[in-house]
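One-letter residues, chain by chain:
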Amino acid sequence: MADDVIIARGLFKSFGKTVAVDGIDLTVPGGSILALLGPNGAGKTTVVRILATLLKPDRGEVTVSGFNALREPIEVQAIIGLAGQTATVDGSLTGLENLQLIGRLYHLRGNDAKTRAFELIEQFDLKDAAQRAVKTYSGGMRRRLDLAASLIMLPPILFLDEPTTGLDPVGRNGMWDIIRSLVSNGTTVLLTTQYLEEADQLADHIIIMDHGRVIANDTPNMLKSKIGGEQLEINFADNESLIMAQNLLTANNAQISPTKLQISVPVETGAAGMRQVANILSSLSAANLKVADYNIHRATLDDVFLQLTQHATSSSLKM
Amino acid sequence: MNMITGRQPLQRPRLYWFFADSFQLLIRSLLHIRQDLDQLMTVTLQPIIFLLLFRYTFGGSIETGNIGYPSFLVTGLLVMDMAFTATTTGIGIATDLQQGIIDRFRSLPMVKSAVLVGHITADLLRSLLTIIITVAVGLMVGFHPHAGFIQWLAVIGLLLLTTLALSTASAITGIVGKSIEFVQQIGFLWILPLMFLSGILAPTTGMPQWLRWFADNQPISQVVIAVRALLLDQPAGDHIWLSLIWLIGITVIAFPLASWLFRRKTIQ
C-alpha cells in the first residue's frame, strides 16, 4: 500500500469576494494519478497553485512528501515539477537555453544542466527547434518544452495544469503516453482537466470539482457505476408506438422522452442484462411496434458530470 | 532513482544561491538582447542620436562658459543615458510577470529575488556599453575630457551607481504597472522631467528661480555636476558626496520595497 505523498486538508482560498476554493480535502497515493475534473472556474488551477507552493491558501494545510508546503516551500519546490496552463518558458531564449537555465536554477552543476537539457530536447522531439527562440514555436512544441522543463530533475511529484488544453488529437495522445510512462516509472501525478475522457483514460482516482468544492471523489469505474449501469435506449418511429411501448414496459422502470420518441430502460450488466434486453425487445417485436433503432448506452463520465453538476446547481438554487 | 545519479542538486548556503541564481538570470537578461531590438536600440543607437542631435542643434546657441558645449553635453548625457538604460529593468520585470515564466521561477527552489537582481545587474552591464559608446562618439564630435585614471574610475562608479538606483526604482514600476506599455510610458514620464529639469542639456541659469532651485538640487543634477567636475577638471564641491548619498539612499530604500512588492504580487 503506497503512502499518500500529497495531502491537503481544508483548503480555502478567496480572491476578494470570489471564493475560488471552498474547503477541499484530497490525498494522492504515491505512484498514482489523481485528476481534478471540472469546468472553467471550478477552482482546479487554484488548488494546483496552492499545492505547488505558488499560492498561499487562506486556510488549510498542505503536505507534500512529508514537507509542509506552507512552511517549507523550498524543500517542496526541489521535489516537484509543474507544467502550467500557459507554457512557463522564456520566449526570447532558445529551447535549449530555457532548459539549461531552469536546470541551473534547480541548482544542478553547469555540465549536468547541459547534459540534461540535451537529453530532454531529444526525448521530447524538439531537436530541430532546439536552437530557435521559443516564441517561434507552435503551441504543441511550447507545451512539450514546458513539460520537459518540469522534468529536469525527474521529480517524484508532478503537477500538470490542463496539460492537453489546446493540443490537437495527436499532441494529446502523445502527452498521455508521456504521462503514463512517467507514472509507470514511479512518478505521482496530479493533473487538472476539463476533458472527462482524459480523466477516464489516465486517472486512478477522480475528484470532480464545481464552484470550489468537491462534488465527487472516486475511481472512474465507481463514478460510472454510481450513475447507474447500462441503459437500453429504444427510439420509435411514431408517437403511437411510443405510448404503446410505455404501457408494455411499465414494470421495467422505463423513462420516456416524448420529444425524442425515446424510451430508456435501466438494465443489468452481463447475462442477466442480456436476458432483460432479449425479453424487452421480443415483447416489443411481438406487439409489432415501429422501432426506429435501439442501443445499449453505458454511462460515461459526461453523464456522471452532468448529473452531479445539475444536482449541485439545483440544490444550491433551493437554498 | 538511478536515472538522476550524478545530477543531484548542489548543496550550498542560501547566500551562495542568492549570487549564483542572480548570475544565471543576469545571463538570461543579456541573452534577451539578441531578440529584443528595442532594448539594443535604447542602449546603443539612442545615445548616439541624442548626442548628435543636441550637439549639432543646440551646440551653437547654448552658452556654457569656459567649457565647450560638446564637453558640457557629453558629461550630462552620460547620466541621462543611465536613466534610459534603467527603464529596461521595469519593462523586463513587467514582461516576466505578464508571461508565464514567473510561475516557472516561483516553482523552482531558487532565491526568488534573484529575478530582480538579474534584471538590475544586466542594466549595469548595458550601462557600461552605453558609457563606452557615448564617450567614443563624444570624442569624435568635440568632447575634451581632462581627467586621469582615478577620475574616470570615479565617474564610471558614479554612473553605475546611478543605473543601480534608477533600475531599482524602475523595478518598482515594473512590478506595480498593469501592462508592459504602461511601464514603458511611466519610464519616460518620470525620466524626461528629471532630465530637462537639470543641467544636462543646458545650464540651469535661464530657468525661473523656483524651478532653478529644484533643478540644481534634485539627485540627477548632483550626479551631473559631479561627473562634469570629475571629467572636466573642475571643483566638485559637495556634489560627489551628495550624489553618493542620494544614489545609495534611493537604492537602499527601493530594493527592499521592490522585493516586498514582488513577493506580494507573486504570492497572494
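None of the values given here were measured: they were computed from a predicted structure.

Next up on the list: the overall build of chain A. Each helix and strand counted, chain A has 11 helices and 14 strands in total. Taking the principal axes of the C-alpha coordinates as reference, chain A spans close to 80 × 45 × 40 Å. Here chain A, with 319 residues, has 43% of them falling under the buried criterion. Pairs at least 24 residues apart make up 69% of the contacts formed inside chain A by residues separated by at least 6 positions.

Along its length, chain B carries 11 helices and 0 strands. Counting helices and strands in the order they occur from the N terminus, chain B gives α-α-α-α-α-α-α-α-α-α-α. In terms of C-alpha radius of gyration, chain B reaches 20 Å, essentially the compact-globule figure of 18 Å for 268 residues. Seen along its three principal axes, the alpha-carbon backbone of chain B occupies a region of about 75 × 35 × 35 Å. Looking at chain B as a whole, 43% of its 268 residues qualify as buried. Partitioning the contacts of chain B with sequence separation of at least 6, the portion at a separation of at least 24 is 80%.

Backbone geometry follows two general trends: most residues other than glycine have a negative phi, and most peptide bonds adopt the trans configuration. Not every positive phi belongs to a glycine, and E162 of chain A is a case in point at roughly 45°. Mapped onto the secondary structure, E162 of chain A falls in the loop between β7 (157-161) and α6 (169-184).

So, on to the domain arrangement of chain A. Each assigned domain of chain A is listed with its residue range as follows: domain 1 (4-225) and domain 2 (229-298). Using C-alpha coordinates to define each centre, domain 1 of chain A is positioned 45 Å away from domain 2 of chain A.

In this model, helix α10 (residues 270-286) of chain A (17 residues) spans 24 Å end to end at C-alpha, consistent with the 24 Å of a helix rising 1.5 Å per residue. Two residues or fewer after α10 of chain A comes N288 of chain A, characterised by a positive phi angle close to 60°.

Residues and elements named next belong to chain A. The pairing of strand β9 (residues 205-210) with strand β10 (residues 213-218) spans 5 bridges and is antiparallel. The partner of D210 across the bridge, within β10, is R213. A loop of 2 residues connects β9 with β10, the two strands running antiparallel in sequence, and H211 in this loop sits at a positive phi of about 50°.

This part covers the sheet that holds β9 of chain A. Residues and elements named next belong to chain A. What the 6 strands build is an open sheet, ordered β6-β7-β8-β3-β9-β10; its pairing is mixed. The open sheet has two edge strands, β6 (80-83) and β10, and neither has a second partner. The average angle at which neighbouring strand axes cross in this sheet is 15°, direction not considered. Most of the contacts of helix α5 (residues 139-150) go to β6, to which it runs at about 170°, and overall it touches β6 and β7.

Turning our eyes to something else, we now look at the packing of helix α4 (residues 69-98) of chain B against helix α10 (residues 219-231) of chain B. Residues and elements named next belong to chain B. In the contact formed by α4 and α10, the axes pass within 9 Å of each other and the chain directions differ by 135°. Between α4 and α10, the angle falls in the class oblique. When the axes of α4 and α10 are compared, the crossing they make is right-handed. Facing T75, G76, L78 and V79 of α4, the residues of α10 in contact are I220, V223, V224, V227, R228 and L231. Of the residues contributing to the contact of α4 with α10, the split by class is 7 nonpolar, 2 polar and 1 charged.

Moving on, we get to the interface of chain A and chain B. Of the residues lining the interface, 34 residues belong to chain A; the matching set on chain B comes to 27 residues. Contributing elements (two or more residues each) for the side of chain A that touches chain B: α2 (73-77), β6, α3 (95-105) and α4 (110-123) of chain A. Counting residues per element, the side of chain A that touches chain B draws most heavily on α3 of chain A, at 5 residues. Tallied by class, residues from the side of chain A that touches chain B come to 19 nonpolar, 8 polar and 7 charged.

All names here are of chain A. Here I296 shows up in strand β14 (residues 291-298). Considered as a pair, I296 and S32 are 264 residues apart in the sequence and their alpha carbons are 32 Å apart. In contact with I296, not counting residues within four places along its chain, are E230, L232 and V277.

Bringing the confidence of the model for chain A into the picture now. Residues with a pLDDT of 70 or more make up 95% of chain A, whose mean pLDDT is 87. This stretch, residues 314-319 of chain A, has a pLDDT under 50; its non-local contacts, to residues over four places away or in other chains, come to 0 contacts.

Turning to the sheet that holds β14 of chain A, a few remarks are in order. All names here are of chain A. On the basis of which strands lie adjacent, the open sheet formed by 4 strands has the order β12-β13-β11-β14 and antiparallel pairing. Edge positions in the sheet fall to β12 (255-257) and β14, since each has one partner strand and no second. Geometrically, the sheet is characterised by an average inter-axis angle of 20° between neighbouring strands, direction not taken into account. Sheet topology places β12 next to strand β13 (residues 262-267); 3 bridges connect them, and they run antiparallel. Considered in β13, the bridge of Q255 is made with S264. On the sheet, helix α9 (residues 239-248) packs against β11 (230-236), β12 and β13 and is oriented at approximately 140° with respect to β11. Lying on the sheet, α10 is in contact with β11, β13 and β14; it crosses β13 at an angle near 150°.

What follows concerns the packing of α3 of chain A against α5 of chain A. Residues and elements named next belong to chain A. Contact geometry for α3 and α5: axes closest at 9 Å, N-to-C directions at 20°. By the angle between their axes, α3 is roughly parallel relative to α5. For the pair α3 and α5, the sense of crossing is right-handed. Residues G95, N98, L99 and I102 of α3 lie in contact with α5, whose contacting residues are L145, A148 and A149.

Turning our eyes to something else, we now look at the nonpolar core. Grouped together as the largest cluster of nonpolar side chains are 138 residues, with contacts concentrated most on A35, L51 and L145 of chain A together with V79 and V227 of chain B. If you tally residues by element for this core, the top one is α4 of chain B, at 15 residues. The contacts of L145 of chain A, once residues within four sequence positions are left out, are A87, V89, G95, N98, F124, L126, V134 and Y137 of chain A. If you look at the next biggest cluster of nonpolar residues, it comprises 9 residues, including L242, I263, V267 and I280 of chain A.

Working note: α-helix, 3.6 residues per turn, so residues spaced by three or four point in the same direction. Residues and elements named next belong to chain A. Most of helix α1 (residues 44-51) is tucked away, with 8 of its 8 residues classed as buried. Of the residues making up α1, those classed as buried are K44, T45, T46, V47, V48, R49, I50 and L51. Where α1 terminates, the next one or two residues include T53, which has phi positive at roughly 70°.

The rules behind the values
- Residues numbered from 1 in each chain as written.
- Chains lettered and ligands numbered in written order.
- Predicted model: local features only at pLDDT ≥ 70, side-chain atom pairs only at ≥ 80, totals over all residues.
- Helix = DSSP H or I, 4+ residues; strand = E, 2+ residues; numbered from the N terminus.
- Buried ≥ 20, exposed ≤ 12 C-beta atoms within 10 Å, placed from the backbone.
- Contact = placed C-beta atoms within 7 Å.
- Rg over C-alpha atoms; globule rule 2.2 N^0.38 Å.
- Domains from an automatic or database assignment.
- Expected span 1.5 Å × (residues − 1).
- Pairing = 2+ DSSP bridges.
- Axes fitted to C-alpha atoms, helices over the stretch in contact; angles between N-to-C directions.
- Parallel < 35°, antiparallel > 145°, perpendicular 65-115°, else oblique.
- Left-handed = near helix turned anticlockwise from the far one by under 90°.
- Nonpolar A, V, L, I, M, F, W, Y, C, P; charged D, E, K, R; others polar.
- pLDDT = per-residue confidence, 0-100.
- Core = buried A, V, L, I, M, F, W, Y, C linked by C-beta atoms within 7 Å.

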